[in-house]
Amino acid sequence: MARDVICGTEILPGDTVMLPIYALHRHRTLWPDPDAFRPARFADPKSVDRFAYLPFGDGPRICIGASFALQEAVIILATLLARFRFALIPGKLPKPVMILTLRPEGGVWLGVERV
Ligand code: HEM
């Protein structure tokens with residue numbers, strides 16, 4: 001371990017450095033219209049800067065479950081959306097809260113209808 005400097009701030013051996021992922025993923029200099037839900041911005045993964053999007057971290061401690069999590073999410077969504085339609089419940093907009101990870105306070109409330 002050695003001293004280092006990040007953007008003018010000295011980092012000493014043993015210091016903890018935390019990346020504000022929420023801020024990174026909504027940074028105005030990295031993303032156009034950063035607060036908009038626009039999945040198409042990921043259509044061409046090569047157009048996304050490698051260090052601008054780190055949902056699974058990076059480097060030697062990168063999430064070992066990343067591929068599994070992405071596959072699992074697609075399977076769960078495909079299974080549910082083949083059977084049900086989901087709609088927002090008026091007045092129950094999900095409110096994001098930052099604990100260690102970002103999560104919806106009180107859960108996500110949706111109306112469910114069988115297809
Ligand atoms: C959407 C789901 C998931 C997200 C967003 C996520 C995100 C992360 C992040 C940000 C890290 C820290 C990386 C770092 O320190 O730079 C991490 C570490 C880790 N994740 Fe995940 N993860 C997810 C699912 C999973 C699953 C399904 C598993 C196991 C089956 C898993 C196992 C781990 C393990 C073992 C580590 C620690 C790796 C290490 O420190 O060497 N994760 N994950």
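Look above for the structure.
Residues numbered from 1 in each chain as written. Predicted model: local features only at pLDDT ≥ 70, side-chain atom pairs only at ≥ 80, totals over all residues. Heavy atoms only, no water.

J.: Before we move on, could you go through the overall build of the protein and cite the residues and values that matter?
T.: From N to C terminus, the protein includes 2 helices and 6 strands. What you see in the protein, going N to C, is helices and strands ordered as β-β-α-α-β-β-β-β. Taken against the 2.2 N^0.38 rule, which gives 13 Å for 115 residues, the C-alpha radius of gyration of the protein at 18 Å runs more than 25% over that of a compact globule. For the protein, the C-alpha atoms occupy an extent of roughly 60 × 30 × 30 Å along the three principal directions. Per-residue burial for the protein yields a buried fraction of 9% across its 115 residues. Expressed as a percentage of contacts within the protein between residues at least 6 apart in sequence, the contacts between residues at least 24 apart total 33%. Accessible area for the protein stands at about 10000 Å²; split by element, carbon and sulfur atoms hold 64% of it. Computing the positive centroid from 14 side-chain charges and the negative centroid from 11, the protein places the two 8 Å apart. (Helix = DSSP H or I, 4+ residues; strand = E, 2+ residues; numbered from the N terminus. Rg over C-alpha atoms; globule rule 2.2 N^0.38 Å. Buried < 20%, exposed > 50% of the residue type's maximum accessible area, 1.4 Å probe, protein only. Contact = heavy atoms within 4.5 Å. Areas by Shrake-Rupley, 256 points an atom, 1.4 Å probe, with all protein chains shown as cover. Lys, Arg positive; Asp, Glu negative; His and termini not counted. Charge placed at Lys NZ, Arg CZ, Asp CG, Glu CD.)

J.: Before we move on, can you summarise the layout of surface pockets with the specific residues and values?
T.: Over the atoms a probe the size of a water molecule is rolled, and this reveals where empty space is left. Of the voids in this model, the largest pocket is the one considered here, and its volume is about 1800 Å³. Among the secondary structure elements, those contributing two or more residues to the lining of the largest pocket are α1 (21-25) and α2 (66-83). (1 Å grid on protein atoms, 1.4 Å probe; cavity = no way out; pocket = protein on both sides within 12 Å on 5 of 7 lines; lining within 4 Å. Points joined across faces, edges and corners; volume = space filled by probe spheres on them.)

J.: Now, about the coordination of the iron atom of the ligand: what can you tell me, with residues and values included?
T.: Exactly one protein atom donates to the iron atom of the ligand; that atom is Cys63 (SG), 2.2 Å from the metal. Along the chain, Cys63 falls in the loop between α1 and α2. (Donors = N, O, S within 2.8 Å, 3.2 Å for Na, K, Ca; no water.)

J.: I'd like to hear about the site of the ligand, residue by residue, with values.
T.: In the neighbourhood of the ligand, the contacting residues comprise Pro55, Phe56, Gly57, Asp58, Arg61, Ile62, Cys63, Ile64, Gly65, Phe68 and Ala69. Take Arg61: an N or O atom from its side chain is 2.8 Å from an oxygen atom of the ligand. Of the residues belonging to the shell around the ligand, the class tally is 7 nonpolar, 2 polar and 2 charged. (Near = heavy atom within 4 Å. Polar contact = N/O pair within 3.5 Å; in protein donor to acceptor, adjacent residues only side chain to side chain. Nonpolar A, V, L, I, M, F, W, Y, C, P; charged D, E, K, R; others polar.)

J.: Quick rundown of a nonpolar patch on the surface? Include the residues and the values.
T.: Taken together, the side chains of Ile76, Leu77, Leu80, Leu81, Phe86, Leu88, Leu93, Val108, Leu110 and Val112 define a hydrophobic patch exposed on the protein surface, amounting to about 910 Å² of accessible area. Put simply, the parts of the chain that give the nonpolar patch at least two residues each are α2, β3 (84-88) and β6 (110-114). Among the elements that take part in the nonpolar patch, α2 stands out by supplying 4 residues, more than any other. Tracing the chain through its elements places Val108 in the loop between β5 (102-104) and β6. (Patch = residues over 30% accessible without salt bridge, like charges linked within 9 Å, V, L, I, M, F, W, Y side chains within 5 Å. Salt bridge = Lys/Arg side-chain N within 4 Å of Asp/Glu carboxyl O.)

J.: Give a detailed account of the pattern of salt bridges, specifying residues and quantitative values.
T.: Overall, the coordinates contain 5 salt bridges when judged by the stated rule. Ionic pairing is found between Arg38 and Asp33, a salt bridge with its closest N-O pair at 2.9 Å. Take Arg38: its relative accessible area is 35%, and that puts it in the partly exposed class. Its salt-bridge partner being Arg50, residue Asp58 comes within 3.3 Å of it at the nearest N-O pair. Residue classification places Arg50 among the exposed residues on the basis of a relative accessible area of 55%.

Function cannot be read off these values alone, since they describe shape.
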